[in-house]
Amino acid sequence: MNKVEVIVEIGQAHDGSLGILHSYIDAVASSGADVIKFQTHIAEAESSLQEPFRVKFSYEDETRFDYWKRMEFTISQWEEIKNHCELVGLEFMSSPFSLAAVDLLENLNVNRYKIASGEINNLLMLEKIARTGKPIILSSGMSSFSELEKTIEFLKPFGNELSIMQCTTAYPTAPEQVGLNVIKLMQEKFRLMTGLSDHSGTIFPSLAAVTLGASLIEVHAVFHKKIFGPDTIASLTIEELTELVKGVRFISKAIDNPIDKNENGQFVELKKIFEKTLAVNKNLTVGHILTQDDLESKKPTNCGLPVSDFKRVIGRKLKKSLNRYDFLKKEDLENE
């Protein structure tokens, strides 16, 4: 069975609180998801004074830079986070936004890298990641096919296992923005493992993506959609996430077990019960010439003439009287 992986993006939903972050780990584990993903921000390394985000950002943060600073954790704190994830059966993953962040994640010995769509053209960072030899998942949110093709061709010589995800950079993503059609296009164009990174705040696009052959599903999750955070409105609640995982597993199992409609031998006994025999729907006398209006179908089968033969009895003469709802047998009819 080719299991569809469910990646749950927590991002900054923890709001810089280790206590809340660890609560998210337990909650995501309870949903049955496979991977929990964070973001590793090192403000000084990724941000400059010219960044448009250097504006008043929240009640607590004067600028987005201050927000990034508040989202930072020490290496020992990240080690505790990763250990907790593994303890409850989740793969720890975090998207880096600087080369310094890659160094931090390498110190944690992460299994693979998820690249945010804004970093697709950051070939400097991508080369550093590629040289680790670890699998790379590319998010396509802000990228054209030509940009994606350039990045994939850049990475291929390094030999990393590559995956690509359809993604729309809109929070939340409206139905007409999801781009489910792109999943098949990506599969055909790049011949890579393909998935959907969804920001709709609903479970529907991910379920549809699985039916289209997606191997990876990523959604954001949050305890409540009214708490502070840049991705909150585009996230699923833990309850919705749990339902999504159930749906993904159900659909995946259905796809992995195709049904042969040419073979229905397992229904032989049921067909005997539910299929029907021809009967008459009124009292009829000897010599009556049958019409379609005289006929009924009654369970079970094999008690007389099969229902499928009804046209062959129309216009035939009865050799005996029949009571209402009697089964109609071959011997009740004069020869054709």
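Under an unreviewed UniProt entry, the name given to the protein chain is N-acetylneuraminate synthase family protein, and the organism recorded is Rufibacter sediminis.

### Thoughts on unusual backbone geometry
Residue P172 follows Y171 across a cis peptide bond; omega there is 0 degrees. With respect to the secondary-structure elements, P172 resides in the loop between β6 (162–167) and α8 (181–190). Within the chain, D15 stands out as a residue other than glycine whose phi angle is a positive 55 degrees. Among the structural elements, D15 can be located in the loop between β1 (5–11) and α1 (18–31).

### Quick look at the packing of aromatic side chains
Any aromatic ring pair is given by two values, namely how distant the centres are and how the planes are angled relative to each other. Going through the model one piece at a time under the given rule, you end up with nine aromatic pairs. Judged by centre distance (5.9 Å) and plane angle (65 degrees), the ring pair of W78 and F92 falls under edge-to-face. Placement of W78 in helix α4 (residues 75–87) and of F92 in strand β3 (residues 91–96) is noted, with a sequence separation of 14 residues between them. F92 gets classed as buried once you look at its relative accessible area, which sits at 2%. Joined through ring pairs, the aromatic side chains of F38, F73, W78 and F92 make up one cluster. A cation over an aromatic ring shows up here: K189 above the ring of F145, its NZ or CZ 5.8 Å from the ring centre.

### Notes on helix α7 (residues 145–155)
Residues that lie three or four places apart on an α-helix share one face, since the helix turns once every 3.6 residues. Inspection of α7 places L148, T151, I152 and L155 among the buried residues, and these make up the whole buried set. Angular distribution of buried residues about the axis of α7 spans 100 degrees; they occupy a single face of the element. Of the exposed residues in α7, the ones pointing more than 90 degrees away from its buried face are S146 and K150. Close packing links the buried residues of α7 with α6 (123–130), β5 (136–139), β6 and α8.

Each value, and the rule that gives it
- Residues numbered from 1 in each chain as written.
- Predicted model: local features only at pLDDT ≥ 70, side-chain atom pairs only at ≥ 80, totals over all residues.
- Heavy atoms only, no water.
- Helix = DSSP H or I, 4+ residues; strand = E, 2+ residues; numbered from the N terminus.
- Phe/Tyr/Trp six-rings, centres within 6.5 Å; stacked < 30°, edge-to-face > 60°.
- Buried < 20%, exposed > 50% of the residue type's maximum accessible area, 1.4 Å probe, protein only.
- Lys NZ or Arg CZ within 6 Å of the ring centre and 35° of its normal.
- Arc of directions from axis to C-beta.
- Contact = heavy atoms within 4.5 Å.

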